Amino acid sequence: MTEDVIADDDRRTRRNETPEERADRQWTELIQEIRVAQTGVQILLGFLLTVVFTPHFQDLEQTDKTIYIVTVVLGSLATGALIGPVAFHRIVSGRRIKPQAVVWASRLMFTGLILLLATLTSALFLVLRVATHDGYVPWLVSGVLAWYLVCWFGLPLWARIRYTNGDDRPSER
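Residues numbered from 1 in each chain as written. Predicted model: local features only at pLDDT ≥ 70, side-chain atom pairs only at ≥ 80, totals over all residues. Heavy atoms only, no water.

Turning our attention to the packing of aromatic side chains. The full count for this structure, using the stated rule, is five aromatic pairs. Ring plane angle 65° and centroid distance 6.4 Å describe the contact between W152 and F153, whose orientation is recorded as edge-to-face. Residue W152 is classed as partly exposed on the basis of its relative accessible area of 28%. What links up through ring pairs into an aromatic cluster is the set F110, Y148, W152 and F153. (Phe/Tyr/Trp six-rings, centres within 6.5 Å; stacked < 30°, edge-to-face > 60°. Buried < 20%, exposed > 50% of the residue type's maximum accessible area, 1.4 Å probe, protein only.)

Right under this line is the structure:
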């Protein structure tokens with residue numbers, strides 16, 4: 001009997017969930033996060049795709065057209081990575097591999113966020129370059145990129161280090 005209790009305790013986390021329950025919770029949380037990022041990247045990509053059909057596009061310098069193409073490709077890649085977890089889930093649903101699906105979906109989500117960061121930075125650079133033609137544009141874009149990095153990665157990593165012991169348990173601080 002003691003072995004059964006120990007085995008059951010080993011299968012439960014600090015939240016008193018089985019590995020399957022934990023995977024379900026993590027999947028739900030991941031899907032909520034994806035909904036936010038996915039909507040933003042799809043709207044941005046939609047706007048980017050229309051730019052080439054405007055009369056002003058033909059007047060752009062070749063450098064700006066190149067930046068535009070890079071931005072559209074980055075936006076397309078970000079969209080693919082952020083929609084990927086949905087397709088992944090649909091294809092493996094019912095195969096009893098949700099913990100592994102959560103890991104792969106999380107990796108796709110993180111990749112999508114990196115690509116979204118690159119898309120936003122590139123789009124901002126293009127818009128400010130076309131709008132102002134000023135030498136301060138790279139500095140301004142660098143400042144915005146730094147802000148994104150602080151908000152998206154710096155603060156969460158700081159909180160993770162500051163408030164956990166490295167094993168997802170809250171520290172005594």
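Taken together, the side chains of W147, V150, L155, W158 and Y163 make up a nonpolar region of the molecular surface, amounting to roughly 560 Å² of accessible area. Secondary-structure assignment places Y163 in helix α5 (residues 137-163). A relative accessible area of 41% places Y163 in the partly exposed class. (Patch = residues over 30% accessible without salt bridge, like charges linked within 9 Å, V, L, I, M, F, W, Y side chains within 5 Å. Areas by Shrake-Rupley, 256 points an atom, 1.4 Å probe, with all protein chains shown as cover. Salt bridge = Lys/Arg side-chain N within 4 Å of Asp/Glu carboxyl O. Helix = DSSP H or I, 4+ residues; strand = E, 2+ residues; numbered from the N terminus.)

We now examine the pattern of salt bridges. Applying the stated criterion across every chain, the model contains five salt bridges. Of the charged contacts in the structure, one is a salt bridge between R129 and E61, with a shortest N-O distance of 3.6 Å. On the criterion of sequence distance, the pair formed by R129 in helix α4 (residues 98-132) and E61 in the loop between α2 (19-51) and α3 (62-92) is long-range, its members being 68 residues apart. Here E61 falls in the partly exposed class, since its relative accessible area comes to 44%. In this structure, a network of salt bridges that share partners links the residues E17, R25 and E29.

Before going further, it helps to examine the layout of surface pockets. Estimated volume of the second largest pocket: approximately 210 Å³. Those elements that place two or more of their residues in the lining of the second largest pocket are α2 and α4. Ranked by the residues each element gives to the lining of the second largest pocket, the list is headed by α4, at four residues. Looking at the lining of the second largest pocket residue by residue, the class counts come to ten nonpolar, two polar and no charged. (1 Å grid on protein atoms, 1.4 Å probe; cavity = no way out; pocket = protein on both sides within 12 Å on 5 of 7 lines; lining within 4 Å. Points joined across faces, edges and corners; volume = space filled by probe spheres on them. Nonpolar A, V, L, I, M, F, W, Y, C, P; charged D, E, K, R; others polar.)

What follows covers the side chain of Q38. Along the chain, Q38 falls in helix α2. Reaching out from Q38, the side chain makes a polar contact with the backbone oxygen of L82 at a distance of 3.1 Å. Each residue touching Q38, except ones within four places of it in the same chain, is listed here: L82, I83 and V86. (Polar contact = N/O pair within 3.5 Å; in protein donor to acceptor, adjacent residues only side chain to side chain. Contact = heavy atoms within 4.5 Å.)

Unlike most non-glycine residues, R96 shows phi in positive territory, near 60°. Tracing the sequence through the fold places R96 in the loop between α3 and α4. Phi is positive for H133, which is not a glycine, with a value near 55°. Considering the arrangement of structural elements, one finds H133 in the loop between α4 and α5. The exposed category is assigned to H133, whose relative accessible area is 57%.

Attention shifts here to the packing of α2 against α4. Describing two packed helices takes the angle between their axes plus the distance from one axis to the other. Interaxial distance between α2 and α4 falls to 10 Å at its minimum, and their mutual angle equals 25°. With respect to α4, the axis of α2 lies roughly parallel. As α2 runs across α4, the sense of the crossing is left-handed. On α4, the residues that touch A23, D24, Q26, W27, L30, E33, I34, A37, V41, L44 and L48 of α2 are K98, P99, A101, V102, A105, S106, M109, L113, L116, T119 and L120. (Axes fitted to C-alpha atoms, helices over the stretch in contact; angles between N-to-C directions. Parallel < 35°, antiparallel > 145°, perpendicular 65-115°, else oblique. Left-handed = near helix turned anticlockwise from the far one by under 90°.)

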